[in-house]
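Chain and residue survey
Chain residues, written in single-letter form:
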Amino acid sequence: MSSIVINIGRQSDGCTYQLHPRSRADIKRRFPAAHLVPTLFVGSDPQADFETFHGTMWKQIAMMLTGLTWEQLEESGGVSMYDPVASATTKVA
Amino acid sequence: MSRQHLYTGKSGQLAVMAELVSRGYNVAVPEVDVGDDIFVVRDRDGQLSRVQVKTANAKAGPEGAVGVMFNVPLKQLETPHVPDMNYVFAIRHRDSWRDFIIIGRDALYELYSVHAVGTQVDGRVLFTLTISDDDVRCKDRSLSTYRNQWSKWPVIDHGASP
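Because the structure is predicted, anything quoted here is derived from the model rather than measured. (Residues numbered from 1 in each chain as written. Chains lettered and ligands numbered in written order. Predicted model: local features only at pLDDT ≥ 70, side-chain atom pairs only at ≥ 80, totals over all residues. Heavy atoms only, no water.)

Things to note about the interface of chain B and chain A
- Listed as interface residues are 13 residues of chain B and, on the opposing side, 16 residues of chain A.
- Between chain B and chain A lies a buried interface of about 1,300 Å² when both sides are counted; carbon and sulfur atoms form 52% of it.
- Its largest share of buried area at the contact with chain A, chain B owes to Lys-75, Pro-80 and Val-82 of chain B, together 37% of the area lost on that side.
- Connecting chain B to chain A are two salt bridges.
- Linking Asp-106 of chain B and Arg-24 of chain A is a salt bridge whose minimum nitrogen-to-oxygen distance equals 3.3 Å. (Contact = heavy atoms within 4.5 Å. Buried area = accessible area lost by both parts, 1.4 Å probe. Salt bridge = Lys/Arg side-chain N within 4 Å of Asp/Glu carboxyl O.)

A word on the pattern of salt bridges
Residue and element names in this part refer to chain B.
- Evaluated as defined, the whole model comprises eleven salt bridges over all chains.
- The salt bridge involving Asp-135 is made with Arg-137; its shortest N-O contact spans 2.7 Å.
- Accessibility expressed as a relative area gives 15% for Asp-135, which makes it buried.
- With a relative accessible area of 33%, Arg-137 lands in the partly exposed category.
- Salt bridges sharing common partners tie together Arg-98, Asp-99, Asp-133 and Arg-147. (Buried < 20%, exposed > 50% of the residue type's maximum accessible area, 1.4 Å probe, protein only.)

Let's talk about the sheet that holds strand E4 (residues 79-83) of chain A
Residue and element names in this part refer to chain A.
- The mixed open sheet is built from five strands, whose spatial order is E3-E2-E1-E4-E5. Edge positions in the sheet fall to strand E3 (40-43) and strand E5 (88-92), since each has one partner strand and no second. The average angle at which neighbouring strand axes cross in this sheet is 25°, direction not considered.
- Where E4 and E5 come together, five bridges link them in antiparallel fashion. Residue pairing in the sheet places Ser-80 in a bridge with Lys-91 of E5.
- In the packing of helix H1 (residues 21-30) onto the sheet, contacts are made with strand E1 (4-11) and strand E2 (14-19), and the angle to E2 comes to roughly 50°. (Pairing = 2+ DSSP bridges. Helix = DSSP H or I, 4+ residues; strand = E, 2+ residues; numbered from the N terminus. Axes fitted to C-alpha atoms, helices over the stretch in contact; angles between N-to-C directions.)

A closer look at the packing of H1 of chain A against helix H3 (residues 105-113) of chain B
- Two elements in contact, H1 of chain A and H3 of chain B, have axes whose closest approach is 9 Å; the angle formed by their N-to-C orientations is 80°. When the interaxial angle is binned, H1 of chain A and H3 of chain B end up roughly perpendicular. Residues Pro-21, Arg-22 and Arg-24 of chain A of H1 of chain A form the contact with H3 of chain B, whose participating residues are Asp-106, Tyr-109, Glu-110 and Ser-113 of chain B.
- The residue makeup of the contact of H1 of chain A with H3 of chain B, split by class, is two nonpolar, one polar and four charged. (Parallel < 35°, antiparallel > 145°, perpendicular 65-115°, else oblique. Nonpolar A, V, L, I, M, F, W, Y, C, P; charged D, E, K, R; others polar.)

Here it is, written out as C-alpha cells:
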C-alpha cells in the first residue's frame, strides 16, 4: 500500500489537515473499523515558522485523522504531507 | 475582445446570492478577488461559509439533454480550508436558470481523485456535465444528489420567535 497522503491548507491563523480522498478510501477498505476524522484545524501564531511549529505535530495529526496507531500507519507505507499551493510533499518521519 | 463572460459570471454570482438571501442568510462579496466569490453569513451566530460560483450557458444535446462545462483550479480543489469551499455551478439555458449544482470542495475532490470524474488540463480540472430531466451526469457518475441541493443553508425564518 502506498504512503498515506494528508493534504495541507495553510491559513493565516493556522493550518487545515485533511486526508487525500484516495488515502481515505484505502484506509476504509483496509481498516473498516477505523474512526476517520474528516478535517483537523490547528491554530498557530501567524509569526510561527510553519514546519517548526506544525511539523512536530504531524504524527499526532496523522493518527487523529486516520484513527490508526503510528505502527499501523508505518505498516501502511508511512505518511506524507502534501501542500498543494507549494506543490511540496514531505514524508513524516 | 468579448466581455460576455463577465456578464455571464456576474449574473450567476448574483443569482446565487439572491437564493441565499431568500433563504435567510447574509452575503458579502470580497473586495479583492482571491478565489472566493461569496461569503455567506448566518447572522444569528456568525457562522461563515464560502462559495465559489461558476456560471455557464448550456448547449442543447441529444434527446432533450443539455451539456455544460465548468472548470476549477486544481490547487484550489486540493487545498483544505476552514471553513471549506462550496462550489455552485449555475447553469443557464434558454434565458432562464436551468439548475444549480451545489457541491462541497471535498466531495468534488473525491469525485475527481477517486472516481476519475473531470479532466485535468493546464492546472485546472474540467467537468463536463450532461443534464436531463432525470439526471445530471459527469462521465459515468450521477451528480443528481447535488442538483439544486441547497440544504447546506436550510431556510431561516426570521419571523419566528427566537
